[in-house]
Structure formats: C-alpha cells, structure tokens
Amino acid sequence: MSRVTFIPESDRRVALLLFSAPAPAPAQGSDRSVMPLAANRAMGFALVAFGVTLLASFLYAAALSKAIPPSDNWFLLAVRNDRYYCLLVPLTVPVIIVAVYLHWMSMKMFKHA
C-alpha cells in the first residue's frame, strides 16, 4: 500500500479502514441475514404497528379532534385547539410537488449530460 501523506499519523487507522480492500463475499449458501427470520418478522410487525399508530394519532390530531365535542382532559383540549397539524398536510403537498419536479429535472440533466 502506498503511503498517504495528507492524513496525520493519529488518523492512520481511519485511513487504513477507508483504503483497505473490501470484505470478501460470503460463501455460497451461507445465511446473509444477521437476525433470524422470527426476529425479522417481529421487527416488521413492530414497524408496521408503529406506523399505524402514528397515522391514527395524526388523523385524530388533524381531523377527528375538530369534530368531537370539547373534553375536560387538558391534553385532548390542547390537541383540539391546535391549528398546526390540520394545515401540515395541505401545505406539504406543494413542497412535495416542487421536490418531485426538481428530482425529475436533475435526473434528466444527469442522463443527458
């Protein structure tokens, strides 16, 4: 390996990690996953449950809390009187449209450059 002169001596180990050869590919027929199948499935179900919970709480904060009568609970009353989350999705749509257009345009420039 050639000597790297622009990296200080204290960072020599980092340079060796960055410029060393990649790890060899696993042998034919070996299991590439670190977690067993049951753990992968449990992690998937947990992530889906977390996503559904976030969706339900956002829908409650954005739409459902405005339709139900006021509550004595201070947290539910604060969610009901909030004006941020009911405007979050409608105001995010134009930003997403601009981001998608810029992504498309950059991919066209990259493809035809």
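Just so you know, the residues in each chain are numbered from 1, in the order the chain's sequence is written. Whole-chain, interface and lining totals are the exception, using all residues; otherwise, since this is a predicted model, local features are given only for residues with pLDDT of at least 70 and side-chain atom pairs are given and counted only at 80 or more. Hydrogens and water are ignored here; the side-chain numbers use all heavy atoms of the structure.

**Overview of the packing of aromatic side chains**
Then step 1. The pairing test for Phe, Tyr and Trp rings, Trp by its six-membered ring, is centres within 6.5 Å, and the orientation test on the planes gives stacked under 30 degrees, edge-to-face over 60, and tilted for anything in between. This structure, assessed with the given rule, holds 2 aromatic pairs.
Then step 2. On the numbers, 6.0 Å between centres and 85 degrees between planes, the contact of Trp 74 with Phe 75 is edge-to-face.
Then step 3. The exposed category is assigned to Trp 74, whose relative accessible area is 67%.
Then step 4. With a centroid separation of 5.9 Å and an interplanar angle of 35 degrees, the aromatic rings of Tyr 101 and Trp 104 are classed as tilted. Taken as a pair, Tyr 101 and Trp 104 lie in helix H4 (residues 85-112) at a separation of 3 residues, close to a single helical turn. Each residue is assigned to one of three classes by its accessible area relative to the maximum for its type, calculated with a 1.4 Å probe on protein chains only: buried under 20%, partly exposed between the two thresholds, exposed over 50%. To qualify as a helix, a DSSP run of H or I must reach at least 4 residues; to qualify as a strand, a run of E must reach at least 2; elements of each kind are numbered from the N terminus.

**Focus: a nonpolar patch on the surface**
Then step 1. Patch membership needs two things, relative accessible area over 30% and no salt bridge, and members are linked within 9 Å if like-charged or within 5 Å if nonpolar (Val, Leu, Ile, Met, Phe, Trp, Tyr). Only the protein chains shown count as cover for residues, and all accessible areas are computed by the Shrake-Rupley method using a 1.4 Å probe. Any carboxyl oxygen of Asp or Glu within 4 Å of a side-chain nitrogen of Lys or Arg constitutes a salt bridge here. Where nonpolar side chains cluster on the molecular surface, the patch consists of Val 98, Tyr 101, Leu 102 and Trp 104 and spans about 430 Å² of accessible area.
Then step 2. By secondary structure assignment, the location of Leu 102 is in helix H4.
Then step 3. Under the relative-accessibility criterion, Leu 102 is labelled partly exposed at 45%.

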